[in-house]
Amino acid sequence: MLIVPEREIADLMTREAAFAAVEKVFAAMAAGDAYNFPVVREAIGHEDALYGFKGGFDRSGLTLGLKAGGYWPNNLEKRGIINHQSTVFLFDPDTGKARAMVGGNLLTALRTAAASSVSIRHLAREDARVIGMVGAGHQATFQLRAALEQRDFDKVIGWNLHPEMLPNLEKVAAEAGVPFEAVELTGMREADVIISITSSFDAILMAEHVSPGCHIACMGTDTKGKQEVSPALLAKATVFTDEVAQSVSIGEAQHAVAQGLIDESAITQLGAVINGAHPGRRSAEEITLFDGTGVGLQDLAVAAAVVDLAVEKGIAIEVDF
Ligand code: NAD
């Protein structure tokens, strides 16, 4: 079995490789070649931790496995380590033998940023120039860095419930040589692309905050009860997702579907656009919305890519197992 420790991931994995892996597995999902297993997520009654598994099998890429991990809210304060902890396990689909164990913390941020980037590549207007960020935490910086590579953006605007966190975005924008401006939510009307990535349980972004032609990537809502955008905005938009079953149960669409504003059948897998089975954006005025819920196959895809890179560079640790 091969081990790729968390400390090696930063030097091995690139945004480009994460993008390619996620785009490919989204396409495989839409083609029926890859599927996710039901998600397990449990409050374990110890350290207030939420622990679970996200797994799946990609028949086309022959990637089988799971990501195990979750959220330990006391980690940072008590132990000086990050609260989100995860590990990816890959198995040989021919034999069932464990193939690799890979640190999953940085990979989670990279695969989540890759998902919104894939949506921007395939759904945003080609002439998109202003990108708006709702959220300024850990994931937001990864999201912005990856998104800035998808179009010729010349301005970043940002809003966050906690404005003292906005310099996180400003720093990423500065690194890319793009000016940053903090705005009120109404200022988001200037944006051609908006990414929301918060831990909100109430709608932040309303229909009146978004201009025609905008592409919105909703990335924060990954649990029942969470919410970032108003159901009315979803009803106005053409909705795409990584996986429809997750979108309507734990994703942003859960609220609009529950209120009867949109039907599950109107939600399209982004992979269908990648495969050419769906045309994607149909006009310059259409609002497109990607509900990125985060699927196990994304984790497996980036982990498999990192194992290949680690083997290539001779830094995968081999253990007899
Ligand atoms: P973080 O703690 O670093 O940042 C949280 C962000 O949410 C900050 O911008 C904060 O100001 C904002 N926020 C907190 N409470 C809020 C509230 N009540 N209303 C509005 N905004 C609020 O967290 P992070 O690591 O950046 O994660 C952000 C979100 O992304 C989390 O909800 C996480 O579960 C989700 N996430 C989704 C995926 C996916 O695949 N879709 C993957 C990883 C993380």
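The structure displayed is predicted, hence computed values, not measured ones. (Residues numbered from 1 in each chain as written. Predicted model: local features only at pLDDT ≥ 70, side-chain atom pairs only at ≥ 80, totals over all residues. Heavy atoms only, no water.)

Chemist: Would you take a moment to explain the domain arrangement of the protein chain for this structure?
Modeler: On domain assignment, one finds that the protein chain holds domain 1 (2-108 + 297-318) and domain 2 (125-294). The distance between the C-alpha centroids of domain 1 and domain 2 comes to 24 Å. Facing 16 residues of domain 1, the contacting portion of domain 2 comprises 19 residues. Roughly 1300 Å² is buried in total at the junction of domain 1 and domain 2, and carbon and sulfur atoms are behind 55% of that figure. (Domains from an automatic or database assignment. Contact = heavy atoms within 4.5 Å. Buried area = accessible area lost by both parts, 1.4 Å probe.)

Chemist: Which parts of the structure should I look at to understand the packing of helix α2 (residues 15-30) against helix α4 (residues 105-123)?
Modeler: The relative placement of two packed helices comes down to the angle between their axes together with the axis-to-axis distance. In contact at an axis separation of 8 Å, α2 and α4 are set at 70° when each is read in the N-to-C sense. Here α2 is positioned roughly perpendicular relative to α4, judged by the angle of their axes. Once α2 is placed against α4, the crossing between them reads as right-handed. For the pair α2 and α4, the contacting residues are Arg15, Ala18, Phe19, Val22, Glu23 and Phe26 in the first and Leu110, Arg111, Ala114, Ala115, Ser117, Val118, Arg121 and His122 in the second. For the contact of α2 with α4, the class distribution of residues is eight nonpolar, two polar and four charged. (Axes fitted to C-alpha atoms, helices over the stretch in contact; angles between N-to-C directions. Helix = DSSP H or I, 4+ residues; strand = E, 2+ residues; numbered from the N terminus. Parallel < 35°, antiparallel > 145°, perpendicular 65-115°, else oblique. Left-handed = near helix turned anticlockwise from the far one by under 90°. Nonpolar A, V, L, I, M, F, W, Y, C, P; charged D, E, K, R; others polar.)

Chemist: Whenever I open this one, the site of the ligand confuses me. Can you help?
Modeler: Close to the ligand lie 23 residues; Arg111, Gln139, Asn160, His162 and Lys226 are nearest. A distance of 2.8 Å is found between an oxygen atom of the ligand and a backbone nitrogen or oxygen belonging to Gln139. When the free accessible area of the ligand is taken as 870 Å², the share hidden by the protein chains comes to 80%. Those elements that place two or more of their residues in the shell around the ligand are α4 and α5 (138-147). The residue inventory of the shell around the ligand, partitioned by class, reads six nonpolar, 14 polar and three charged. (Near = heavy atom within 4 Å. Polar contact = N/O pair within 3.5 Å; in protein donor to acceptor, adjacent residues only side chain to side chain. Areas by Shrake-Rupley, 256 points an atom, 1.4 Å probe, with all protein chains shown as cover.)

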